[in-house]
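Chain by chain, the residues:
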Amino acid sequence: MARYIGPKVKIARKFGENIFGNPKIGKILERKNYKPGQHGQSRRRRLSNYGMQLREKQKMKYSYGLLERQFRRYFKRAEKMQGETGVNLLQLLERRLDNVVYRLGLASTRDAARQLVNHGHFLVNNRKVNIPSFTVSAGDEIKVREKSRKLQVIHDSVKQIKGDLDSPWLALDKASLSGTVLKTPDKDELDPIFKVQVVVELFSK
């Protein structure tokens, strides 16, 4: 399966949730809180247990922009770690560089963050990293490269931040366009829209 590059609104309406965190999509969902397509407003069928498990896996894949093979690799890594597999899985996904750039507010969406990272606009501990899946660790500093500090898309994104970040495990310095990973996110700091235990049950069959 190739990475989905179609309309994000269509996917968000399919799940009935703003899984991409895009404010524009959120406003559309308020007006169209039903599935897309000809039969979108008809009564929804009740999902089977397997259907619910598959749905949650797809939500995570679409949200983080992963292919099936990538997602399975993350799950295998999570299984080998100490602690709860589901929590480990979300922690690994949250610590992807593209996601951290997005959570810091240096990009408005994960897709935008992935593109900016791919183009080499960020440094991790003063070293250029252009791999979106790069895993950051506690204490790492992520900052915009000197040559990229004038990019309007980054400044526009930072201007949208009001008050503290929604991710308390990260710290942002707006003046220097840099952020720090304070720690690995705790269980209660992970995105509540994902039912990770359901995904664990799917892979445990």
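What comes next is a walk through the structure. Sequence positions are assigned chain by chain, starting from 1 and proceeding in written order. Per-residue local features of the predicted model are confined to residues with pLDDT of at least 70, and side-chain atom pairs are confined, for both listing and counting, to 80 or more; whole-chain, interface and lining totals are unaffected and use all residues. Calculation of side-chain values draws on the structure's entire complement of heavy atoms; hydrogens and water are dropped beforehand.

Comments concerning the overall build of the protein chain
Every helix listed is a DSSP run of H or I at least four residues long, and every strand listed is a run of E at least two residues long, numbered separately from the N terminus. A count of helical and extended segments in the protein chain gives 9 helices and 5 strands. Secondary structure elements of the protein chain, listed N to C terminal, follow the sequence α-α-α-α-α-α-α-β-β-β-α-β-β-α. For every residue, the accessible area (1.4 Å probe, protein chains only) is compared with the maximum for its type, and the residue is labelled buried under 20%, exposed over 50%, or partly exposed between those bounds. In the protein chain, which comprises 205 residues, the proportion classed as buried is 45%. The contact rule is simple, with two residues in contact once any of their heavy atoms fall within 4.5 Å. Counting contacts in the protein chain only where the partners sit at least 6 residues apart, residues at least 24 apart contribute 55% of the total. Residue-level accessible areas treat just the shown protein chains as cover; the underlying method is Shrake-Rupley with a 1.4 Å probe. Carbon together with sulfur atoms contributes 48% to the accessible area of the protein chain, which is approximately 12,100 Å² in total.

A closer look at the packing of aromatic side chains
Here a pair means two rings of Phe, Tyr or Trp (six-membered ring of Trp) with centres within 6.5 Å. Their orientation is stacked below 30 degrees between planes, edge-to-face above 60, and tilted elsewhere. Counted under the stated rule, the structure contains 3 aromatic pairs. Measuring from centroid to centroid gives 5.8 Å for tyrosine 64 and phenylalanine 194, while their planes differ by 35 degrees, and the two rings are tilted. With tyrosine 64 in helix α3 (residues 49-64) and phenylalanine 194 in the loop between β5 (178-181) and α9 (196-203), this pair connects stretches of sequence that are 130 residues apart. Comparing tyrosine 64 with phenylalanine 194, the two get one shared label, buried. Arranged with centres 4.5 Å apart and planes meeting at 25 degrees, the rings of phenylalanine 75 and phenylalanine 203 form a pair that is stacked. Here phenylalanine 203 lies in helix α9 and phenylalanine 75 lies in helix α4 (residues 68-80), a separation of 128 residues in the sequence. Comparing phenylalanine 75 with phenylalanine 203 shows no difference in burial state: the two are buried. Taken together, the ring pairs connect Phe71, Phe75 and Phe203 into an aromatic cluster.

Examining the packing of helix α5 (residues 85-94) against α9
Angles shown run from 0 to 180 degrees and are taken between the N-to-C directions of axes, each axis being a line fitted to C-alpha atoms and, for helices, limited to the stretch in contact. Here α5 crosses α9 at 110 degrees, and the two axes come no closer than 8 Å. With respect to α9, the axis of α5 lies roughly perpendicular. Contacts from Thr85, Gly86, Val87, Leu89 and Leu90 in α5 reach Val196, Val199 and Val200 in α9. Throughout this entry, Asp, Glu, Lys and Arg are counted as charged residues, while Ala, Val, Leu, Ile, Met, Phe, Trp, Tyr, Cys and Pro are counted as nonpolar. The remaining residues, Gly among them, count as polar. Across the contact of α5 with α9, the residue classes break down as 6 nonpolar, 2 polar and no charged. These descriptions rest on fixed angle ranges, namely under 35 degrees for roughly parallel, over 145 for roughly antiparallel, 65 to 115 for roughly perpendicular, and the rest for oblique.

Quick word on the pairing of β5
Each regular strand displays side chains that alternate between the two surfaces of the sheet. In this analysis, strands are considered paired if DSSP registers two or more bridges between them. Sheet topology note: the strand β3 (residues 141-144)/β5 ladder contains 3 bridges and is antiparallel. Its bridge partner lying in β5, glutamate 141 is registered against threonine 180. Taken together, strand β4 (residues 170-173) and the strand that follows it, β5, pair antiparallel across an intervening segment of 4 residues, in which leucine 177 is found at a positive phi of about 50 degrees.

As for the nonpolar core
Nonpolar cores are built from buried Ala, Val, Leu, Ile, Met, Phe, Trp, Tyr and Cys residues. Side-chain atoms within 4.5 Å join them into one set. Core analysis: the biggest nonpolar cluster contains 25 residues, and Leu97, Val101, Leu106, Phe122, Ile142 and Ile154 have the highest contact counts within it. Elements with a minimum of two residues in this core: α6 (97-103), α7 (110-118), β1 (122-124), β3 and α8 (152-159). Once residues within four sequence positions are removed from consideration, valine 101 is found in contact with Leu106, Ala107, Ala113, Val117, Phe122 and Ile142. With 18 residues, the next largest nonpolar core counts Tyr64, Val87, Val200 and Phe203 among its residues.

A look at the environment of aspartate 98
By the secondary structure assignment, aspartate 98 is in helix α6. Aspartate 98 sits 18 residues away from leucine 116 along the chain, and the two C-alpha atoms are 8.4 Å apart. Among residues more than four places away in sequence, those in contact with aspartate 98 are Ala113, Arg114, Val117 and Pro132.

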